[in-house]
Amino acid sequence: MDEHSPAEDPGPPRKTNLVLGTLLVGFVALAAAFALNLWGRQAPLDAIPLVDPALLDTATNRRSYADLVRAKEDLSDFDCYTCHEKNKAPTLRYDEHQNLLIPTEHSDIVMGHGEHGRNNNCFNCHNETNLKLLQTRDGRALQFDDSPQLCGSCHGPTYDDWEAGAHGRISGFWNRRLGAIKRQDCVNCHNPHAPAFQGRQPAPGPHPLHGPMVKPTAESGH
Amino acid sequence: MSHSDFPPLQGEPAPAAGMNRRSFLRTSAVLTTGLAALASSLRPLLELEDYTSVEQFMQKYYKELTPAEMAKVLKRIENEVEKQYGIRPQVRDLRPMDGVEFVYALNLTRCIGCRKCVHACVQENNQSRNPEIQYIRVLRMPHGSFDLDQSEHNYAPATVPEKGYFYMPVQCQQCRNPPCVKVCPVHATWQETDGITVIDYNWCIGCRYCEAACPYWARHFNFTKPSIPKERLNPEMSYLGNQPRHQGVMEKCHFCIQRTRAGRYPACLEVCPAGARKFGNILDPNSEVSYILRTKRVFIQLKEELGTSPRFFYYFDV
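Just so it is clear, the structure is predicted and the values come from calculations on it, not from any experiment.

The rules behind these values
In this numbering scheme, every chain counts its residues from 1 along its sequence in written order. Throughout, the order in which chains and ligands are written sets their labels, letters from A for the former and numbers from 1 for the latter. With the structure being a predicted model, the display of local features is reserved for residues of pLDDT at least 70 and the display and counting of side-chain atom pairs for 80 or more, all residues being used for whole-chain, interface and lining totals. Strands here are runs of E lasting at least two residues and helices are runs of H or I lasting at least four, both read from the DSSP assignment and numbered beginning at the N terminus. Here the globule rule reads 2.2 Å times residues to the power 0.38, and the radius of gyration is calculated from C-alpha atoms. Every C-beta atom is placed from the backbone, and the number of other C-beta atoms within 10 Å of a residue's own sets its class: buried at 20 or more, exposed at 12 or fewer, partly exposed in between. Two residues qualify as a contact pair if the distance between their C-beta atoms, derived from the backbone, is within 7 Å. Between any two strands, at least two bridges found by DSSP are needed for them to pair. To obtain an axis, a line is fitted to C-alpha atoms, over the contacting stretch when the element is a helix, and the angle between two such axes runs from 0 to 180 degrees between their N-to-C directions. The nonpolar class holds Ala, Val, Leu, Ile, Met, Phe, Trp, Tyr, Cys and Pro. Asp, Glu, Lys and Arg form the charged class, and all remaining residues, Gly among them, are polar. One number per residue, pLDDT, summarises how confident the predictor is, and it ranges from 0 to 100. For this analysis, nonpolar core means a set of buried Ala, Val, Leu, Ile, Met, Phe, Trp, Tyr and Cys residues linked through C-beta atoms within 7 Å. In what follows, roughly perpendicular refers to angles from 65 to 115 degrees, roughly parallel to angles under 35, roughly antiparallel to angles over 145, and oblique to any angle outside these ranges. In a left-handed crossing the near helix is turned counterclockwise from the far helix by less than a right angle, and in a right-handed crossing that turn is clockwise.

Undergrad: Where do I start with the overall build of chain B in this structure?
TA: If you tally the helices and strands in chain B, you get 10 helices and 12 strands. Whereas a compact globule of 318 residues would reach a radius of gyration of roughly 20 Å, chain B reaches 28 Å, over 25% beyond that. For the C-alpha atoms alone, the extent of chain B along its principal axes is close to 105 × 45 × 40 Å. Going through the 318 residues of chain B one by one, you find that 38% of them count as buried. Counting contacts in chain B only where the partners sit at least 6 residues apart, residues at least 24 apart contribute 65% of the total.

If you want it as structure tokens, here you go:
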């Protein structure tokens, strides 16, 4: 012990000092960088607005007569004989092109069933002797909540698809042992007076991380 | 035995060996500053604590979990979700049913391109809202063509459907021969007996091989921690389905496993205003999908030539 006197010790070698000093500077710089958040955490992304809850709604766009009965709602619109006379068929009026003139009392009805314009008679589907019933072309009188059968009397293949569950909206259980399937009627989606689907606003498209991909479309291409 | 019999301990400071007041102060100053700087430079690691608990890190592979362990895992997920979102979810581990193979059929004649399915899916399956992760992409293509390269994702007209176009939603096709399963290096994704290809989010290492292998762009990667607003969280969860994911894992459509394995229809089907989406058990001859595949003009399995054999069919009415 005593052979090495303090005077002979040269202290830590210069190289060690250099390495330690460099490390120290490095760590201090790193610490400062993190503290000041120099290169930063990820910049917050642009806010994407939450989608309108109306777009998540699974309700159908129309309610059928059967729905109204089930919900015990006001059925006065279907009480034809508050205005019409019983046992007397209402007279239909046409313009010079044989187009049906809709009376003002029924001005909410827009006729547009079929593109040929010939299916515009009320009594193609309504029973003229009893306005509270529907009438198929083969002479069957149907209640309002039996309307799919009326539609099926002309649209046979679509009716078959609907019965098999392949046309129209369904919900509930695919596994009938675990629960019931709910099948919507024709008039839950189609307006019987103008059955074609109306256009609707589409839900917002995707917001990619790096802005929308611009692609030539059919119109703007070339 | 006296004390002096022992040699001096090695660690005892030798007061005279090269240590004087100046060098001691210098060394300790360097050490203190250095340690403080080291600690502070490692600080970002502390933020990891947010999303990896020890139990989660040590958790076993899905297929190796015993029922008791699975119950524990489900409890842990419920606790973590409650801590993060303030809502107590119900997390279940639903298993495939016997005699069931799921098939999806989509009617291209009926689809109007309204994208409601996209958002119903996001809502049902707790996908990240920002950045956006969506399992369904709706492609718009001109009538009379079938060129996927020319398809448009970002159409935004005032109303749909537009004249002269048709719409084709694409999501996971639940292939019988799934390329994504083959490439996974850790077996974190596999095909279940009911035909659903699932992901063990806890086992996924985020290498994104499956994303590269999938010809349908069906797999999505969580580049950041998913952000789901509390009020939009769906508390009915399943382990392989819509439990909230973590940063750095893959996810994809799983036919709403939390609904379909409980006998219900998927969310995208129930919201479709045109009734274009059909789903069911192909092994049941009375199911809607059996009827469709039997009687309809089933047009394609998408990219049929790749031999992936999707369980997702597109068909036409006429």
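Undergrad: Looking at this structure, I do not really get the overall build of chain A. What am I missing?
TA: Tallying secondary structure elements over chain A gives five helices and four strands in all. Listing each helix as α and each strand as β along chain A from the N terminus yields α-α-β-β-α-α-β-β-α. Counting all 222 residues of chain A, 10% fall into the buried class.

Undergrad: Whenever I open this one, the environment of Lys86 of chain A confuses me. Can you help?
TA: Mapped onto the secondary structure, Lys86 of chain A falls in the loop between helix H2 (65-70) and strand S1 (134-135). Taking the C-alpha atoms as reference, Lys86 of chain A lies 33 Å from Gly156 of chain A; in sequence the two are 70 residues apart.

Undergrad: Even after reading the chapter, I still don't get the sheet that holds strand S12 (residues 312-316) of chain B, so can you show me in this structure?
TA: Residues and elements named next belong to chain B. In space, the four strands of this open sheet follow the order S10-S2-S12-S11, with mixed pairing throughout. Edge positions in the sheet fall to strand S10 (277-281) and strand S11 (297-300), since each has one partner strand and no second. Adjacent strand axes in the sheet meet at a mean angle of 35 degrees, parallel and antiparallel pairs treated alike. Where helix H10 (residues 288-295) meets the sheet, its contacts fall on strand S2 (102-107), S10, S11 and S12, and the angle it forms with S10 comes to roughly 110 degrees.

Undergrad: I'm lost on the interface of chain B and chain A in this one. Help?
TA: Interface size is often expressed as the accessible area that is lost when the parts come together. Listed by partner, the interface residues are 57 residues for chain B and 52 residues for chain A. The set of elements that each furnish at least two residues to the side of chain B that touches chain A consists of helix H1 (21-41), helix H5 (116-124), helix H9 (267-271), S10 and H10 of chain B. If you tally residues by element for the side of chain B that touches chain A, the top one is H1 of chain B, at eight residues. Grouping the constituent residues of the side of chain B that touches chain A by class yields 26 nonpolar, 20 polar and 11 charged.

Undergrad: What should I look at first to understand the confidence of the model for chain A in this one?
TA: The predicted coordinates should not be examined in detail at positions where pLDDT is low. Residues and elements named next belong to chain A. Confidence along chain A averages 83 in pLDDT terms, with 86% of residues attaining 70 or more. Confidence scores differ between elements of chain A, with H2 showing the lowest mean pLDDT of 87 and strand S3 (residues 170-172) the highest of 94. Taken together, the stretch residues 218-222 has pLDDT below 50 and engages in two contacts with residues farther than four places along the chain or on a different chain.

Undergrad: What is the right way to read the nonpolar core from this model?
TA: Nonpolar side chains tend to gather and get buried jointly when the protein is soluble and globular. Tyr104, Ala105, Cys117, Cys121 and Cys268 of chain B are the most contacted members of the largest nonpolar core, which totals 62 residues. Of all the secondary structure elements, the ones that give two or more residues to this core are S2, H5, strand S4 (165-170), strand S6 (197-199), H9, H10 and S12 of chain B. Apart from residues lying up to four places away in sequence, Ala105 of chain B is in contact with Lys278, Val289, Ile292, Phe313 and Tyr315 of chain B. If you look at the next biggest cluster of nonpolar residues, it comprises six residues, including Cys125, Leu134, Leu150 and Val187 of chain A.

Undergrad: For this particular structure, what's the right way to read the packing of helix H1 (residues 14-36) of chain A against H1 of chain B?
TA: Interaxial distance between H1 of chain A and H1 of chain B falls to 8 Å at its minimum, and their mutual angle equals 40 degrees. It follows from the interaxial angle that H1 of chain A and H1 of chain B lie oblique. Every pair of crossing elements has a handedness; the one defined by H1 of chain A and H1 of chain B is left-handed. Mapping the contact onto sequence places Leu20, Leu23, Leu24, Phe27, Val28, Leu30, Ala31, Phe34 and Ala35 of chain A in H1 of chain A and Val30, Thr33, Gly34, Ala37, Leu38, Ser40 and Ser41 of chain B in H1 of chain B. Taken together, the residues of the contact of H1 of chain A with H1 of chain B sort by class into 12 nonpolar, four polar and no charged.

Undergrad: What is the right way to read the confidence of the model for chain B from this model?
TA: When pLDDT is averaged across chain B, the result is 90; 92% of the residues are at 70 or more. Interface scoring of the predicted complex returns ipTM 0.79; its pTM is 0.80.

Undergrad: Even after reading the chapter, I still don't get the environment of Glu128 of chain A, so can you show me in this structure?
TA: All names here are of chain A. Secondary-structure assignment places Glu128 in the loop between H2 and S1. Separated by 37 residues in sequence, Glu128 and Thr91 place their C-alpha atoms 9.6 Å apart. Setting aside chain neighbours within four positions, we find Glu128 in contact with Ala89 and Phe123.

Undergrad: Is there a simple way to explain the environment of Lys303 of chain B in this structure?
TA: Residue and element names in this part refer to chain B. Relative to the elements of secondary structure, Lys303 occurs in the loop between S11 and S12. Measuring from C-alpha to C-alpha, the distance between Lys303 and Val170 comes to 12 Å, with 133 residues separating the pair along the chain. When residues no more than four places from it in sequence are discounted, the contact partners of Lys303 are Pro215 and Thr308.

Undergrad: Which parts of the structure should I look at to understand unusual backbone geometry?
TA: Trans is the prevailing form of peptide bonds, just as negative phi is the prevailing case for residues other than glycine. Between Asn130 of chain B and the following residue, Pro131 of chain B, the backbone shows a cis peptide bond with an omega angle of 0 degrees. Along the polypeptide, Pro131 of chain B turns up in the loop between H5 and strand S3 (137-142).

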